[in-house]
Amino acid sequence: MGATGLKQIEKYTLWDRAYAELRGALLAGRFVPGQRILLRDVAGELGISLTPVRDAVNHLIAERVLERGTGGQGGGAIVPPIDPDQFRQLTIMRADLESRAAYEAAAHATDSDIALLRQHLAQMTDHINEERRDHYLEMHRRFHFGIYALARMPIIQDAIETLWLRCGPVLTIVLPEYVPYLKKTDYHAAALDALQRQDAQGVADAIRRDISEAGTYIHQLLRRREAAADTQAG
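Residues numbered from 1 in each chain as written. Predicted model: local features only at pLDDT ≥ 70, side-chain atom pairs only at ≥ 80, totals over all residues. Heavy atoms only, no water.

S.K.: Let's hear about unusual backbone geometry: which residues, and what values?
M.R.: Here Arg 152, not a glycine, exhibits a phi torsion of approximately 60 degrees, which is positive. With respect to the helices and strands, the residue Arg 152 is situated in the loop between helix H6 (133-150) and helix H7 (154-182). With phi around 60 degrees, Gln 198 is a residue other than glycine that occupies positive phi space. The exposed category is assigned to Gln 198, whose relative accessible area is 55%. (Helix = DSSP H or I, 4+ residues; strand = E, 2+ residues; numbered from the N terminus. Buried < 20%, exposed > 50% of the residue type's maximum accessible area, 1.4 Å probe, protein only.)

Dropping the structure here:
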């Protein structure tokens, strides 16, 4: 396994497997804004040729998840930087879509579904306490998408995933500063408790507040970093 945590896949698989691995790495925050993604490095980590990797990267560029690197297709891609205003817009969209998916999930959640989500939540707590931030982000993604999958609304879930692809790299950078804030209010536990009660509005409200309050905090962090960068540049 390479530095970005990509898993090797068999040579007979198609470009969509490379695409799925890259999307998973972006969702889990294994890349940071501005990072170059070189085709040969990704191909080496996945154990496949350049062609399916190039196709996967081109698809992510077409979706505006990645930007074209220098040197055309041979230059790979770049994880786009994100400014505070862009992040704020993504947060607004996420809060609306994800709270709606959470609302719909309450009608379908079973005891076994909730038990699995509680396991994810316990692992998230362990990872934060042990400062395993990359593991936390992965489990955090599984927790949220575990709820959204219960909504049985694949079009909305696809839209949510696209928004996460834009936000994931930012979380990798700001998480060390955000960790103390995580302990203030446990909206994840509140969402699960509401899900257990089949309280659709309660689940939706908990998810909305989780996203909105975290988004506001991270937006402020990004603004401070932007201001500091402008000061240094001046």
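S.K.: Quick one: what's the story with the environment of Asp 55, residue by residue and with numbers?
M.R.: Considering the arrangement of structural elements, one finds Asp 55 in helix H3 (residues 50-62). Under the relative-accessibility criterion, Asp 55 is labelled partly exposed at 37%. Separated by 40 residues in the primary sequence, Asp 55 and Trp 15 place their C-alpha atoms 6.2 Å from one another.

S.K.: So what's going on with the nonpolar core? Residues and values would help.
M.R.: Within soluble globular proteins, side chains that are nonpolar tend to cluster in buried spots. One finds Leu 26, Val 53, Val 57, Leu 66, Ile 147, Tyr 148 and Leu 195 to be the most contacted residues of the largest nonpolar core, which totals 68 residues. Looking at this core, the element that brings in the most residues is H7, giving nine residues. For this core, the two domains that each supply at least three residues are domain 1 (12-79) and domain 2 (84-233). In this view, Ile 147 contacts Ala 102, Ala 105, Leu 117 and Ile 207; residues no more than four positions away in its chain are not counted. (Core = buried A, V, L, I, M, F, W, Y, C linked by side-chain atoms within 4.5 Å. Domains from an automatic or database assignment. Contact = heavy atoms within 4.5 Å.)

Interpretation note: all reported values are geometric properties and have no functional meaning in isolation.
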